[in-house]
Amino acid sequence: MLSILLIPIIIKTLSRNSLLSFLFLFLLIFYKKFFNRKKFPSYVLILIIVFPWIFLISYFILINSSFMENFNFLVSEGKSLTSRLEVWKFGVETFLNNPIIGNYIQVIEYKFQQLHNTGIDICAKYGIVIYFIFVILNYQIINIINQNKLNKSQSLALCCFLTVFIQGVFEAGIYSGYLGLDYLIGGFIIIGRGVNKIEK
């Protein structure tokens, strides 16, 4: 009920991160209900984890196309559709110059200290090897939960848990001091309630 009441507030803020996360949460719930799926396929989990990179690549491809005009309603004072472009370009250039181990010092000395996208933030700071470890580790954690028989509240908590990775599109939130870490912990607590009663 509270979530329903928050919908008008989320829309009025024009927060792109909140709107995108809410849309994905709705799609995840719809997917489970409409297709009557007890578990998410492995490829869906992996796509969600790497979605910040998928979005970033798509953004660079479409930024100069007429397609972007469809999102002009998201433009607000001080926040254009290209407001993240400078920091993302810096992140990509840093990563391409140091693809294996990244350049942590260069990133934290940058004026924003975090690169507003989980994928490029990890790659630019630590390199592609650490990013692959990040993907594999998070996939294994999520899949352990996903393979269990979850009740309705736990299934909803898992969907919310996955949505935190979608928030990584506009914020390097999970590992850069944003609320994402709090949401992850909260999701773990909710999913873990009654875990001894879950049938495998």
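Refer to the structure above for everything that follows.
### Some words on helix 3 (residues 42-49)
At step 1: Within the span of helix 3, buried status applies to Val-44, Leu-45, Ile-48 and Ile-49. The buried residues of helix 3 occupy one face: seen down the axis, they fall within an arc of 135°.

### Considering unusual backbone geometry
Across residues other than glycine, the phi torsion is negative in most instances, and most of the peptide bonds are trans.
At step 1: One non-glycine residue with positive phi stands out, namely His-116, at about 55°.
At step 2: Relative to the elements of secondary structure, His-116 occurs in the loop between helix 6 (104-108) and helix 7 (118-126).
At step 3: The exposure class of His-116 is buried, given its relative accessible area of 14%.

### Looking at the environment of Gln-167
At step 1: Among the structural elements, Gln-167 can be located in the loop between helix 9 (152-166) and helix 10 (180-192).
At step 2: By relative accessible area, which is 16% here, Gln-167 ends up buried.
At step 3: In the structure, Gln-167 is positioned 147 residues away from Leu-20 in sequence and 7.6 Å away in space, judged by C-alpha atoms.

### Details of the nonpolar core
Side chains of a nonpolar character, in soluble globular proteins, are inclined to be buried together.
At step 1: The biggest cluster of nonpolar side chains holds 44 residues, and the ones touching the most others in it are Phe-40, Leu-115, Ile-120, Tyr-131, Ile-142, Leu-158 and Leu-162.
At step 2: Contributions of two or more residues to this core are made by helix 2 (16-34), helix 3, helix 4 (51-62), helix 5 (85-97), helix 7, helix 8 (128-146) and helix 9.
At step 3: Beyond its immediate sequence surroundings of up to four residues, Leu-162 is in contact with Leu-28, Phe-40, Leu-45, Ile-48 and Ile-142.

### Let's talk about the packing of helix 4 against helix 7
At step 1: In contact at an axis separation of 7 Å, helix 4 and helix 7 are set at 100° when each is read in the N-to-C sense. Taken together, the axis directions place helix 4 and helix 7 in an arrangement best described as roughly perpendicular. Here Pro-52, Trp-53 and Leu-56 of helix 4 come into contact with helix 7, specifically with Thr-118, Gly-119, Ile-120 and Cys-123.
At step 2: Its residues assigned to classes, the contact of helix 4 with helix 7 comprises 5 nonpolar, 2 polar and no charged.

Reading guide: rules and limits
Residues numbered from 1 in each chain as written. Predicted model: local features only at pLDDT ≥ 70, side-chain atom pairs only at ≥ 80, totals over all residues. Heavy atoms only, no water. Buried < 20%, exposed > 50% of the residue type's maximum accessible area, 1.4 Å probe, protein only. Helix = DSSP H or I, 4+ residues; strand = E, 2+ residues; numbered from the N terminus. Arc of directions from axis to C-beta. Core = buried A, V, L, I, M, F, W, Y, C linked by side-chain atoms within 4.5 Å. Contact = heavy atoms within 4.5 Å. Axes fitted to C-alpha atoms, helices over the stretch in contact; angles between N-to-C directions. Parallel < 35°, antiparallel > 145°, perpendicular 65-115°, else oblique. Nonpolar A, V, L, I, M, F, W, Y, C, P; charged D, E, K, R; others polar.

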